[in-house]
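Descriptive analysis of the structure
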Amino acid sequence: MIEPHAPAPPGAPPSRTGPARLPVRPGTGRFLVLVCVFVCAACGLVYELELVAFASYLIGDSVTQASVVLSVMVFAMGIGSLGAKRLRWHAAAGFGAVESVLALVGGCSAMALYAVFAWTAGWGGMWADGPRCLLVAFSLAIGLLIGAEVPLLMELIQRIRRQDAGGAVADLFAADYVGALVGGLAFPFLLLPFLGQLTGALLTGTVNVVAGGALVLGLFRRDLTRRARWTLGLAGLTVLGVLASAAALAGDFERAARHAVYGPDVRVAVQTDVQEVVLSGGTGGRPLDLFLDGRLRVGGRDEHRYHEALVRPALTGPHARVLVLGGGDGLAAREVLRHRGVRRVDVVELDPGLVDLARRDPGLSAANGHVFADPRVHVTTADALAWLRAARGPAYDVVIADLPDPGITASTKLYSQEFYGLARRVLTRNGRLVVHAGPVTTRPRAFWTVAATLRTAGFSVSPYRVLGHDSGFAAGPDRSTDTSRAPRDWGFLLAAPGTTPPDLRVPRDRSGTLTQGQLTADARAAEGTRVAGLAASTLVHPRY
């Protein structure tokens, strides 16, 4: 609730408590204030989305990180609103100062977060939590400053022309919410794909400080002393200089940070319409690493091991027609085509940019064997769940779910009962579905939850796992940051409609590299390993 205009404290200059002396008509002045509200709201939401995006890219666990950012920021906005009450008698100068600091902090937040993650997160010890602590600090600081904007803007708009509290709040919040909508749409559709996160945040800070400075120094300059005008002007120019310098160095900074995060062999770093794609190595005999939104999707040292284990057990039965859900890198399709009798492979991939890289990048196309040039391979750009909903009839002998890790929030729907029910509908009577369900050792609950979901959808499952090399990140769809000494592994679930679990035996295949001796059933007692109420049946280990 907006408080009535209080009388000035003793000694306060009359010009700061009476109607503002504007260089324009009051109606035009109110309009300009509402435009500034609109711009500031758009910038504030961009800062918020930028923090959430960086948290999910660099730290992982997007639900937790988004919850932390949003909750801390909303809390800080309330504190900032209370603190701004002390600045009401100097609303114009206070708003100008707030906008300058907000532009500097918000505009540089992306670069600071990236720098801390790239150069200190691997130090271990207390430094391991540096990115998380900085994320909370930026959320708190930006929230405080955004919260201080509304009371100061309310004071400024009331000083132009007195209005009832309800009408003033309605006007201010209407401009604020519309600005938030524009900022929310501009971030994913304009700033992120065309400028990237670093330059996009710096540009947002520039717009923020220009809008705040123009309002204060242009519209309310008569409310400021000469000293205040010079101070705010110099502060704004300093912030603009810092942001411009950072923008000029953003390219070199980003390359250095990528090398620190992904290694010195980074060749390609692009922001597609769906995700950030980074390719490292893959030429000159160096192993290829593919990162999607900061997560290791393909690890050159373990890539063959992962994709052989994903594909080959599912293709021991009929496999004339195969559906690959995901797999835009072409590596699963490469393993499928190594089997005789495959007549058609349909790949349903959400990101056309990844498929384009898989076709033309020398390292990635060599790794997938130029599979997309094979006439048997047909690519459809679509969301896997939406595509399955539109599919009709049992059409495939094998469905391979080569999808992001189940621990990533965006992929949750791809591990749902509805998703598996739709996959079952496109399978033939003796068809098989194979799913990567995350690491068994470090995340057993998630693994067995996927198994339970498959059973609920009418499948019988045979779980198995494959051990990876003891090196860095585990390959496959999950970027593991686990520091325990547990063996790196990938957990898979081979499923078939009905009540009989599919056989995991793998016959010899001259066209492949995984032989019967390399993929062997480990007859563990089911009663000995119970996780989340489900018994661990057969585990399969490669013996390299």
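Before reading on, note that the structure itself is shown above.
A brief look at the structure comes next. Because the structure is predicted, anything quoted here is derived from the model rather than measured. (Residues numbered from 1 in each chain as written. Predicted model: local features only at pLDDT ≥ 70, side-chain atom pairs only at ≥ 80, totals over all residues. Heavy atoms only, no water.)

Turning our eyes to something else, we now look at the nonpolar core. V33, L51, F95, Y114, L215 and F220 are the most contacted members of the largest nonpolar core, which totals 65 residues. Those elements that provide at least two residues to this core are α1 (26-59), α2 (62-84), α3 (91-120), α4 (130-160), α5 (165-219) and α6 (226-262). Those residues within four positions of L215 in sequence are excluded, and the remaining contacts are L32, V33, C36, F95, L153, L156 and F220. Within the second largest apolar cluster, 40 residues are counted, among which are L290, V371, V434 and V466. (Core = buried A, V, L, I, M, F, W, Y, C linked by side-chain atoms within 4.5 Å. Buried < 20%, exposed > 50% of the residue type's maximum accessible area, 1.4 Å probe, protein only. Helix = DSSP H or I, 4+ residues; strand = E, 2+ residues; numbered from the N terminus. Contact = heavy atoms within 4.5 Å.)

Considering the arrangement of structural elements, one finds L422 in helix α12 (residues 417-426). Relative accessible area serves as the criterion here: at 11%, L422 is assigned to the buried category. Along the primary structure L422 and L388 are separated by 34 residues, whereas in three dimensions their C-alpha atoms are 5.8 Å apart.

This next bit is on the pattern of salt bridges. Scanning all chains against the criterion turns up 18 salt bridges. With a shortest N-O distance of 3.6 Å, R258 and E276 are connected by a salt bridge. In this pair, R258 sits in helix α6 while E276 sits in strand β2 (residues 276-280), placing the two residues 18 residues apart along the sequence. We classify R258 as buried; its relative accessible area is 13%. For E418, the salt bridge is made with R389, and the minimal N-O distance between the two is 2.9 Å. Of this pair, E418 sits in helix α12 while R389 sits in helix α11 (residues 384-390); the two residues are 29 residues apart in sequence, bridging distant segments of the chain. For E418, a relative accessible area of 41% translates into the label partly exposed. Residues joined by salt bridges that share partners form a network here, namely E303, R334, E335 and R338. (Salt bridge = Lys/Arg side-chain N within 4 Å of Asp/Glu carboxyl O.)

Turning to the pairing of strand β1 (residues 266-271), a few remarks are in order. Put simply, side chains in a regular strand alternate between the two faces of the sheet. In terms of strand pairing, β1 meets β2 through 5 bridges, oriented antiparallel. Bridge assignment links A269 to a residue of β2, and that residue is V278. (Pairing = 2+ DSSP bridges.)

Where like charges cluster on the molecular surface, the positive patch consists of R21, R221, R222, R226 and R229. Structurally, the position occupied by R221 is in the loop between α5 and α6. (Patch = residues over 30% accessible without salt bridge, like charges linked within 9 Å, V, L, I, M, F, W, Y side chains within 5 Å. Areas by Shrake-Rupley, 256 points an atom, 1.4 Å probe, with all protein chains shown as cover. Lys, Arg positive; Asp, Glu negative; His and termini not counted. Charge placed at Lys NZ, Arg CZ, Asp CG, Glu CD.)

Attention now goes to the packing of aromatic side chains. Considering all chains together, one arrives at 11 aromatic pairs under this definition. For the pair Y262 and F291, a centre-to-centre distance of 4.5 Å together with 50° between the ring planes defines the contact as tilted. Linking Y262 in helix α6 with F291 in strand β3 (residues 289-292), this pair joins segments that are 29 residues apart in sequence. Of the two residues, Y262 and F291, both sit in the buried class. Taken together, the aromatic side chains of F54, Y114, W119 and F253 make up a single cluster linked through ring pairs. (Phe/Tyr/Trp six-rings, centres within 6.5 Å; stacked < 30°, edge-to-face > 60°.)

Together, L181, L185, F189, L190, F194, L195, L203 and V207 line one region of the surface with nonpolar side chains, adding up to about 810 Å² of accessible area. Positionally, L190 belongs in helix α5.

Right, let's get into the packing of α5 against α6. Packing of α5 against α6 brings their axes to within 9 Å, and their N-to-C directions diverge by 165°. Compared by their axis directions, α5 and α6 come out roughly antiparallel. Crossing geometry of α5 relative to α6 is assigned as left-handed. Only R229, L232, G233, G236, V239, L240, L243, A246, A247, A250, F253 and E254 of α6 make contact with α5, whose side of the interface consists of L198, T199, L202, G205, T206, V209, V210, V216 and L217. Across the contact of α5 with α6, the residue classes break down as 14 nonpolar, 5 polar and 2 charged. (Axes fitted to C-alpha atoms, helices over the stretch in contact; angles between N-to-C directions. Parallel < 35°, antiparallel > 145°, perpendicular 65-115°, else oblique. Left-handed = near helix turned anticlockwise from the far one by under 90°. Nonpolar A, V, L, I, M, F, W, Y, C, P; charged D, E, K, R; others polar.)

Nothing here speaks to function; it is all geometry.
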